[in-house]
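Here is how the chains run, residue by residue.
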Amino acid sequence: MHDALVTETWPPEVNGVALTVRSLQRGLLRRGRRVSVVRPAQHPGQVAAVRGERGGIARRTRPALPQRRACGHADRERPGRDFHRACPRRRAAGHGLSSRAAAARYHGRVNYRHSFHAGNHADVLKHVVLLALCDALVAKPAACFALDTHAGRGLYQLEGGEASRTGEALDGIGRLGDGSGAPPAVQRYLEAVARCRSEHGDGAYPGSPWLLAHALRAQDAIACCELQPGEAAALRLALRADRRVTVHERDGYAAMRALLPPRRGETRFARGLVLMDPPYERRLAEFDEAIPALQEGLGRWPQGCFALWYPIKQRRSLQPFLRRAAALEARSALACELLVRPDDSPLRMNGSGMLLLNAPWRIEAALAPALAHLCSALGEAGADHDMRWL
């Protein structure tokens, strides 16, 4: 029997449809079926990223469960108990993974690598907004604190690495040029990228921890949470010389309870920022953890600014999330959204947004022209942008 699977999206793109179709393909292969995948043309590196693909059939072997346990892998069907059995050192160290949900996030997050998507249109929006928030914070002399709950590795290479396989940066940072004629917020972002490249090479791209470390001041403090051990190790290496930065290899949602309200020694921080950038592998179900985390964070640090990035496939599907966000006990709630193409397909990311709670005064004046410029520079036919108070 020869089966054909037809799909608009396929790994290394990370979304629910791509992962579901690949899971279906693997299930058929295990039953001895021959499987061909029909998909849109991808960047040559994307094809290479699916290891072992030959003749339209993707084959990837996984060790049997006893062998995986011997190598320290946990049983995915029992994420809570088996995670602790496989990782006693992490449990003893108190990395915030005591619940079954946190252990499941650990396993699920392993599938996501931001390196494939660094510098794309979503990164551009997120980092333009992040730097605008940082500039508003440092405008006052008092020390501030920043928490990055899903930090990643801090520094990426767009040439010759995972990012070159997908080519997403070409339609993101690659379209902005030298920034001539761009609004101040976009120029500020491009200057930060240029500084990163002057230090790390022409193909370098800064992640949010690097941007925070270079936008904040000597008296400020930064905490970064990253659950994947390899990414956390790379982050420590990238920022090893900066004593203001602490890296926590733990679940970012759980860390908000431990790290807020912020304090370093005898210093208590009244002002600051929490950046939340989860991978959304569980699609809309991610909001069921993000909203309670925001609620708890606001309760612990009501004067802090909270920024949540979210993907947009179809805007109408986000209305329940936005209604829940508007009901949070914050002084203000601002949604900044950029669509690079019409939101007419649930199978791809058509844009993204930033939810800002307790946003700094007049932040919308800085971001409105930046959104319009990004829509023009990065957008396809039917692109759109929006900024509204909830």
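Report on the accompanying structure.

Conventions and cut-offs
Residues numbered from 1 in each chain as written. Predicted model: local features only at pLDDT ≥ 70, side-chain atom pairs only at ≥ 80, totals over all residues. Heavy atoms only, no water. Pairing = 2+ DSSP bridges. Helix = DSSP H or I, 4+ residues; strand = E, 2+ residues; numbered from the N terminus. Axes fitted to C-alpha atoms, helices over the stretch in contact; angles between N-to-C directions. Buried < 20%, exposed > 50% of the residue type's maximum accessible area, 1.4 Å probe, protein only. Phe/Tyr/Trp six-rings, centres within 6.5 Å; stacked < 30°, edge-to-face > 60°. Core = buried A, V, L, I, M, F, W, Y, C linked by side-chain atoms within 4.5 Å. Contact = heavy atoms within 4.5 Å. Expected span 1.5 Å × (residues − 1). Arc of directions from axis to C-beta.

## Digging into the sheet that holds strand β16 (residues 384-389)
Then, in step 1: The mixed open sheet is built from 8 strands, whose spatial order is β9-β8-β5-β12-β13-β15-β14-β16. Each having just a single partner strand, β9 (245-248) and β16 make up the two edges of the open sheet. Each strand axis lies, on average, 15° off the axis of its neighbour in the sheet, ignoring direction.
Then, in step 2: Across 4 bridges, the pairing between strand β12 (residues 271-276) and strand β13 (residues 305-312) is parallel. Looking across to β13, one finds that Val274 is bridged to Phe306.

## As for unusual backbone geometry
Then, in step 1: The omega torsion of the bond from Leu260 to Pro261 falls at -5°, within 30 degrees of zero and hence cis.
Then, in step 2: Within the secondary structure, Pro261 is located in the loop between α12 (252-259) and β10 (263-264).
Then, in step 3: In this structure, Arg283 takes a positive phi of about 55° despite not being glycine.
Then, in step 4: By relative accessible area, Arg283 is classed as partly exposed at 44%.

## A few points about the packing of aromatic side chains
Then, in step 1: In this structure the tally under the stated criterion is 7 aromatic pairs.
Then, in step 2: On the basis of an interplanar angle of 40° and a centroid distance of 5.9 Å, the ring pair of Phe145 and Phe269 is categorised as tilted. With Phe145 in strand β5 (residues 144-148) and Phe269 in the loop between β11 (267-268) and β12, the pair connects residues that are 124 residues apart, well separated along the chain.
Then, in step 3: Judged by its relative accessible area of 4%, Phe145 falls in the buried class.
Then, in step 4: Pairing Tyr280 with Trp309 gives two aromatic rings, centres 5.7 Å apart and planes at 70°, and the pair type is edge-to-face. Linking Tyr280 in the loop between β12 and α13 (287-300) with Trp309 in strand β13, this pair joins segments that are 29 residues apart in sequence.

## Some remarks on the nonpolar core
Soluble globular proteins tend to pack their nonpolar side chains together in the buried interior.
Then, in step 1: Counting 97 residues, the largest nonpolar core has Ile173, Tyr189, Tyr310 and Leu356 as its most contacted members.
Then, in step 2: Ranked by the residues each element gives to this core, the list is headed by helix α7 (residues 121-137), at 11 residues.
Then, in step 3: When sequence neighbours within four positions are dropped, the list of residues in contact with Leu356 reads Val129, Leu133, Phe306, Ala307, Ser332, Ala333, Leu334, Cys336 and Leu367.
Then, in step 4: Of all hydrophobic cores here, the second largest spans 7 residues; its members include Leu5, Val21, Val35 and Val37.

## Some points on α13
Then, in step 1: In a regular helix each residue adds 1.5 Å, so 14 residues correspond to 20 Å; α13 covers 20 Å between its end C-alpha atoms and thus fits that length.
Then, in step 2: Among all positions in α13, only Phe287, Ala290, Ile291, Ala293, Leu294, Gly297 and Leu298 are buried. Along the long axis of α13, the arc covered by the buried residues comes to 160°, so they all point the same way. Opposite the packed face of α13, turned more than 90 degrees from it, sit the exposed residues Gln295 and Gly299.
Then, in step 3: Tucked inside the fold, the buried residues of α13 contact α12, β12, β13, α14 (319-326) and β15 (351-357).

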